[in-house]
Amino acid sequence: MRIVVLTGAGISAESGVPTFRDADGLWEGHRIEDVATPEAFERDPATVQAFYDARRRAVASVAPHVAHRALARLEGALGDELLVVTQNVDDLHERAGSRNLVHMHGELRRALCTACGARPRWDADLAPRPPCPVCGERMLRPDVVWFGEMPYELDRIEQAVVACDVFVSIGTSGAVYPAAGYVALAAAFGARTVELNLVPSDPMIPFDDARAGRAGELVPVWVDEVIAARSS
Ligand code: OAD
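What you are looking at is a predicted structure, and each value in this text was computed from that prediction instead of being measured.

**Q** Outline the nonpolar core, listing residues and values.
**A** As a rule of thumb, nonpolar side chains are buried together in soluble globular proteins. Formed by 22 residues in total, the largest nonpolar core has its most connected members in Ile3, Val5, Val168, Ile170, Val219 and Trp222. Those elements that place two or more of their residues in this core are strand 1 (3–7), helix 5 (66–78), strand 2 (82–86), strand 6 (166–170), strand 7 (192–197) and helix 9 (215–231). Filtering out sequence-adjacent residues up to four positions away, tryptophan 222 remains in contact with Ile3, Val5, Leu71, Leu74, Val168, Val194, Leu196 and Arg211.

**Q** A description of the packing of helix 5 against helix 9 should follow, citing residues and the corresponding values.
**A** Relative orientation of the contacting elements helix 5 and helix 9 amounts to 15°, with a least axis distance of 8 Å. The angle between helix 5 and helix 9 places the two elements in the roughly parallel class. In this structure, the crossing between helix 5 and helix 9 has a hand that is left-handed. Mapping the contact onto sequence places Val66, Ala67, Ala70, Leu71, Arg73, Leu74, Ala77 and Leu78 in helix 5 and Ala215, Gly216, Val219, Pro220, Trp222, Val223, Asp224, Val226, Ile227 and Arg230 in helix 9. Looking at the contact of helix 5 with helix 9, its residues break down into 14 nonpolar, one polar and three charged.

**Q** Could you give an account of the site of the ligand, with specific residues and numbers?
**A** Taken together, 24 residues surround the ligand, and among them Ala9, Phe20, Arg21, Thr172 and Ser173 come closest. Alanine 9 places a main-chain nitrogen or oxygen 2.8 Å from an oxygen atom of the ligand. In isolation the ligand exposes 790 Å². Once the protein is present, 94% of that is buried. Using a 2 Å cut-off from the grid points, one finds that the ligand occupies the largest pocket. No other element matches the three residues that helix 1 (residues 9–13) contributes to the shell around the ligand. Residue composition of the shell around the ligand, grouped by class: 10 nonpolar, 10 polar and four charged. Taken domain by domain, the makeup of the shell around the ligand includes at least three residues from each of domain 1 (1–16 + 64–105 + 152–232) and domain 2 (18–61 + 106–144).

**Q** I'd like to hear about unusual backbone geometry, residue by residue, with values.
**A** Backbone torsion omega between tyrosine 177 and proline 178 reads 10°, so that peptide bond is classified as cis. As for its placement among the helices and strands, proline 178 is situated in the loop between strand 6 and helix 8 (182–188). Of note in this structure, arginine 129 is not a glycine but carries a positive phi near 55°. The topology assignment puts arginine 129 in the loop between strand 4 (106–113) and strand 5 (140–144). In the Ramachandran plot, glutamate 153 falls in the positive-phi region, its phi being about 55° despite a non-glycine side chain. Topologically, glutamate 153 is positioned in the loop between strand 5 and helix 7 (154–163). When its relative accessible area of 41% is taken as the criterion, glutamate 153 is described as partly exposed.

**Q** Give a description of the environment of glutamine 159 that names residues and reports values.
**A** Considering the arrangement of structural elements, one finds glutamine 159 in helix 7. Assessed through its relative accessible area of 57%, glutamine 159 is described here as exposed. The spacing of glutamine 159 and aspartate 34 is 125 residues in sequence and 33 Å in space, taken between C-alpha atoms.

**Q** Give a description of the sheet that holds strand 8 (residues 209–212) that names residues and reports values.
**A** Within the open sheet, the six strands sit side by side as 3-2-1-6-7-8. Their pairing is parallel. Each of the sheet's edge strands pairs with one partner strand only, and the pair in question is strand 3 (101–103) and strand 8. Taking the axes of each pair of neighbouring strands and ignoring which way they run, one obtains an average angle of 15° across the sheet. Note that strand 1 and strand 6 share five bridges and pair parallel. The residue of strand 6 that forms the bridge with leucine 6 is serine 169. Along the sheet, helix 5 makes contact with strand 1, strand 2 and strand 6, crossing strand 2 at roughly 150°.

**Q** Give me the pattern of salt bridges: which residues, what numbers.
**A** In this structure the tally under the stated criterion is 19 salt bridges. Ionic pairing is found between arginine 214 and glutamate 14, a salt bridge with its closest N-O pair at 2.6 Å. With arginine 214 in the loop between strand 8 and helix 9 and glutamate 14 in the loop between helix 1 and helix 2 (32–35), this residue pair connects regions lying 200 residues apart in the sequence. According to the relative accessible area criterion, glutamate 14 is partly exposed, its value standing at 32%. Note that arginine 73 and aspartate 224 form a salt bridge whose closest N and O atoms lie 2.9 Å from each other. Of the two residues, arginine 73 sits in helix 5 while aspartate 224 sits in helix 9, which places them 151 residues apart along the sequence. By relative accessible area, arginine 73 is classed as partly exposed at 37%. Taken together, the shared-partner salt bridges in this structure form one network comprising Asp91, Arg95, Arg109 and Asp123.

Scoring rules and cut-offs
- Residues numbered from 1 in each chain as written.
- Predicted model: local features only at pLDDT ≥ 70, side-chain atom pairs only at ≥ 80, totals over all residues.
- Heavy atoms only, no water.
- Core = buried A, V, L, I, M, F, W, Y, C linked by side-chain atoms within 4.5 Å.
- Buried < 20%, exposed > 50% of the residue type's maximum accessible area, 1.4 Å probe, protein only.
- Helix = DSSP H or I, 4+ residues; strand = E, 2+ residues; numbered from the N terminus.
- Contact = heavy atoms within 4.5 Å.
- Axes fitted to C-alpha atoms, helices over the stretch in contact; angles between N-to-C directions.
- Parallel < 35°, antiparallel > 145°, perpendicular 65-115°, else oblique.
- Left-handed = near helix turned anticlockwise from the far one by under 90°.
- Nonpolar A, V, L, I, M, F, W, Y, C, P; charged D, E, K, R; others polar.
- Near = heavy atom within 4 Å.
- Polar contact = N/O pair within 3.5 Å; in protein donor to acceptor, adjacent residues only side chain to side chain.
- Areas by Shrake-Rupley, 256 points an atom, 1.4 Å probe, with all protein chains shown as cover.
- 1 Å grid on protein atoms, 1.4 Å probe; cavity = no way out; pocket = protein on both sides within 12 Å on 5 of 7 lines; lining within 4 Å.
- Sits in = over half its atoms within 2 Å of the grid points.
- Domains from an automatic or database assignment.
- Pairing = 2+ DSSP bridges.
- Salt bridge = Lys/Arg side-chain N within 4 Å of Asp/Glu carboxyl O.

Written out as structure tokens, the structure is:
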């Protein structure tokens, strides 16, 4: 049984990573367009670097929770039949043990060199403008996908979505494309669709099974159901 799980900020909320659209419409006190666009970076690189440096440090101080661990457990049972596609730039899925994972919006723990295109692993601050370890230019930016930029690995994701038997959306508002369109794509190709979210989102087509609640409660239960169904 091939399963694609799409995750969003809601799965990391119970680890203490704030979501984007829940509270006051601001992301950590900033309008998204002031920190998450190429134009913002061009206009004020110091502010954008400092913002992502703070996010990188914040994520280093939190830990994965039961929902992340449940998805790693599911990978243990399904192996390559499970692909987790995350919109999150934190590394909580891999710290919980997920390996078959795509970070479609990039990763806080990588830098992107705008001079040579290298994407080195990066845990330090970028505001001091360190040199690229590959080409030596001081042109590193966070390796996160900003609005107006192309997400990573879209071909691989779309191939998995059209081929899956079950598509599951966890903790995402469905506000940002192309991720928001995957449920319709999966359904069009015959997948059963499941949503596990604090509040039901409003997709183009309704999910076959929409469960409302915290990821920490819903995800382990759903994973247990899948594993039990598989072994029965
Ligand atoms: P959002 O902040 O838009 O949505 C978070 C979703 O998680 C909402 O539907 C909440 O109801 C739900 N939620 C909150 N707490 C939850 C919990 N404990 N358990 C389950 N669900 C919970 O975040 P995303 O959908 O991830 O893109 O946002 C998508 C993209 O927009 C992000 O990747 C980012 C952002 O701008 C880029 O930066 C390109």
